[in-house]
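Analysis of the macromolecular model
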Amino acid sequence: MAENRPTPPEVDRVAASRAAVAARRARAKVKAEVASGERTALEVLATAIKDPIGVEGRLRVTELLVSIPAIGVTKMQRIIHRLEISPSKRLGGLGRHQRDRLRDFLSERPTLRHGVADSKLIVLAGPTAVGKGTVAGYIRENYPDVLLSVSATTRAPRPGETEGVSYYFVSDDEFDRMVAGGELLEWAKVHNAYRYGTPRGPVDTAIAAGNSVLLEIDLQGARAVRRAMPEARLVFLLPPSWDELVRRLIGRGTEDAAEQARRLETAKLELAAQGEFDYRVINHDVGDAAREVVDLMEIRAASSMP
Ligand SMILES: Nc1nc2c(ncn2[C@@H]2O[C@H](COP(=O)(O)OP(=O)(O)O)[C@@H](O)[C@H]2O)c(=O)[nH]1
Ligand SMILES: Nc1ncnc2c1ncn2[C@@H]1O[C@H](COP(=O)(O)OP(=O)(O)O)[C@@H](O)[C@H]1O
């Protein structure tokens with residue numbers, strides 16, 4: 001009769017705990033593969049979608065994200081909050097929209113696909129009045145480790161602007177001399193009016209010292225930097241909506257109605273170019289947008305670690 005007895009509960013428990021250990025080991029292996037760059041997080045997500053109850057499907061979103069070398073716990077928490085995914089969610093249990101948001105997040109960041117990154121130069125561009133200057137100013141105030149490039153310009157200083165902080169205000173002749181001397185990394189005539197250019201020296205010095213540099217320049221400048229330094233990463237700042245962009249331009253009150261209309265026409269062309277950029281950040285809240293831009297630089301910083 002003994003051989004017909006049901007399996008004692010403790011035998012079940014042992015088998016279950018062995019299975020749990022094996023599953024944990026299998027998940028640890030996947031995490032190690034992502035951490036070493038052997039597999040990308042995107043590939044792991046694709047496998048989890050195909051087999052939601054397999055090893056990848058049982059992996060938590062939080063575990064996958066922190067396996068990516070550029071992402072620590074704090075950043076991971078910010079990311080899942082932004083993607084509206086609960087920390088307890090496993091890859092195989094994500095709803096369709098959550099899955100799409102996670103996939104977009106992972107594929108929009110080429111540096112994450114490779115685990116490490118290759119550039120410390122970030123270019124911030126976007127349509128007029130979207131808040132480029134405001135976000136760059138916030139970064140200057142709150143992230144002193146980031147060097148904000150100071151451009152040279154032929155336009156006159158506005159009230160409150162400081163030489164060497166807002167811009168280097170130079171004459172037309174001086175600007176010609178800088179161009180001829182190869183002192184500018186890029187330059188452009190902006191809004192069909194004045195010339196603006198990025199002095200090459202401080203950018204080269206900062207990058208050579210391993211520091212992160214932010215250039216807040218126009219679309220033509222962003223394209224020129226991409227040609228001169230293909231390792232630069234281009235960020236396009238977007239308004240929450242077209243109406244909000246118009247409100248910001250009018251609210252700033254620095255242009256007359258004709259100039260506002262002209263800039264809005266240019267803004268339409270600029271918005272159409274957003275696909276050329278590596279990343280898109282929506283400027284809902286200045287602090288959040290600044291943090292998103294700086295997060296991209298922390299990714300860069302990870303590349304210089306042994
Ligand atoms: N290409 C290029 N554009 C720049 C540079 N510095 C500033 N800009 C752009 O010039 C434009 C005009 O800037 P500004 O005179 O401060 O006026 P705003 O547009 O009213 O803020 C903005 O789109 C800036 O992004 C630069 O060094 N190179
Ligand atoms: N996140 C934001 N929310 C509300 N207003 C903003 C935000 N960012 C910038 N602004 C406002 O929008 C206007 C345009 O910003 P600005 O930084 O001058 O734009 P840009 O440098 O892109 O031309 C300013 O009045 C600024 O205070």
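These numbers come from a predicted model, not from an experiment.

Here is what the cut-offs are and how they apply
- Residues numbered from 1 in each chain as written.
- Chains lettered and ligands numbered in written order.
- Predicted model: local features only at pLDDT ≥ 70, side-chain atom pairs only at ≥ 80, totals over all residues.
- Heavy atoms only, no water.
- Helix = DSSP H or I, 4+ residues; strand = E, 2+ residues; numbered from the N terminus.
- Buried < 20%, exposed > 50% of the residue type's maximum accessible area, 1.4 Å probe, protein only.
- Contact = heavy atoms within 4.5 Å.
- Areas by Shrake-Rupley, 256 points an atom, 1.4 Å probe, with all protein chains shown as cover.
- Near = heavy atom within 4 Å.
- Polar contact = N/O pair within 3.5 Å; in protein donor to acceptor, adjacent residues only side chain to side chain.
- UniProt positions renumbered as here; feature names shortened; annotations may be inferred.
- Core = buried A, V, L, I, M, F, W, Y, C linked by side-chain atoms within 4.5 Å.
- Pairing = 2+ DSSP bridges.
- Axes fitted to C-alpha atoms, helices over the stretch in contact; angles between N-to-C directions.
- Salt bridge = Lys/Arg side-chain N within 4 Å of Asp/Glu carboxyl O.
- Left-handed = near helix turned anticlockwise from the far one by under 90°.
- Nonpolar A, V, L, I, M, F, W, Y, C, P; charged D, E, K, R; others polar.
- pLDDT = per-residue confidence, 0-100.

Across its full length, the protein chain holds 14 helices and nine strands. With 306 residues in all, the protein chain has 44% of them scored as buried. In the protein chain, the share of contacts with a sequence separation of at least 24, taken over all contacts with a separation of at least 6, comes to 67%. Total accessible area on the protein chain is roughly 16,100 Å²; 53% of this is exposed by carbon and sulfur atoms.

Another aspect to go through is the site of ligand 2. Taken together, the neighbourhood of ligand 2 is formed by 14 residues, with Ala129, Lys132, Gly133, Thr134 and Arg252 sitting nearest. One nitrogen or oxygen atom from the side chain of arginine 248 is found 3.2 Å from a nitrogen atom belonging to ligand 2. Separating a nitrogen atom of ligand 2 from a backbone N or O atom of histidine 284 is a distance of 3.0 Å. Protein burial of ligand 2: of its 570 Å² of free accessible surface, 72% is covered by the chains. For the shell around ligand 2, the secondary-structure elements that each account for two or more residues are α8 (132-142) and α12 (242-252). Ranked by residues supplied to the shell around ligand 2, first place goes to α8 with three residues.

Before going further, it helps to examine the UniProt feature "binding site: ATP" (unreviewed entry) in the protein chain. According to UniProt, the "binding site: ATP" (unreviewed entry) feature falls on Gly126, Pro127, Thr128, Ala129, Val130, Gly131, Lys132 and Gly133. By the element assignment, lysine 132 lies in helix α8. Judged by relative accessible area, lysine 132 falls into the buried class, the value being 13%.

On to the nonpolar core. In this structure, Val61, Leu64, Leu65, Leu91, Leu102 and Leu106 are the most contacted members of the largest nonpolar core, which totals 22 residues. Within the residue set of this core, elements represented by two or more residues are α1 (9-36), α2 (41-50), α4 (61-67), α5 (73-82) and α6 (96-108). By residue number, the principal contributor to this core is α2, which donates four residues. With residues up to four places along the chain from it excluded, the contact list for valine 61 reads Ile80, Ile85, Lys89, Arg90, Leu91, Leu94 and Leu102.

A separate point is the sheet that holds strand β9 (residues 279-282). With parallel pairing, the five strands of this open sheet are ordered in space as β2-β7-β1-β8-β9. Each edge of the sheet is formed by a strand with only one pairing partner; in this case those strands are β2 (147-148) and β9. Alignment of strand β1 (residues 121-125) against strand β7 (residues 213-216), held across four bridges, turns out to be parallel. Looking at β7, one finds that isoleucine 122 is bridged to leucine 214. Set on the sheet, α8 makes contact with β1, β2, β7 and β8 (233-238); between it and β7 the angle comes to about 155°.

Per the counting criterion, the structure on display carries 21 salt bridges. The closest approach of N and O atoms between arginine 177 and glutamate 174, which form a salt bridge, is 3.0 Å. Of this pair, arginine 177 and glutamate 174 both sit in helix α9 (residues 172-180), three residues apart, roughly one helical turn. For the salt bridge of arginine 263 with glutamate 255, the shortest nitrogen-to-oxygen distance reads 3.4 Å.

With that out of the way, let us pick up the packing of α12 against helix α13 (residues 257-271). Two numbers describe a pair of packed helices, the interaxial angle and the distance between the axes. For the pair α12 and α13, interaxial distance at closest approach is 11 Å and the crossing angle is 145°. The element α12 and its partner α13 pack so that their crossing is right-handed. Contact residues: Trp242, Leu245, Val246, Leu249, Ile250 and Arg252 in α12; Gln260, Arg263, Leu264, Ala267, Lys268 and Leu271 in α13. Considering only residue class, the contact of α12 with α13 consists of eight nonpolar, one polar and three charged.

With that out of the way, let us pick up the site of ligand 1. Lining the immediate surroundings of ligand 1 are 19 residues, of which Ser151, Arg155, Tyr167, Glu186 and Tyr196 lie closest. At 2.6 Å from an oxygen atom of ligand 1 is found a side-chain nitrogen or oxygen belonging to serine 151. Separating an oxygen atom of ligand 1 from a side-chain N or O atom of arginine 155 is a distance of 2.7 Å. A total of 570 Å² of accessible area belongs to ligand 1 in isolation, and the protein chains cover 91% of it. For the shell around ligand 1, the elements supplying multiple residues, two or more each, are β5 (184-190) and β6 (194-199). In terms of residue class, the shell around ligand 1 is built from five nonpolar, five polar and nine charged.

Another aspect to go through is the confidence of the model for the protein chain. With 91% of its residues at a pLDDT of 70 or more, the protein chain shows a mean pLDDT of 87. This model gives residues 299-306 a pLDDT under 50, and the stretch forms 17 contacts once residues within four places in sequence are excluded.

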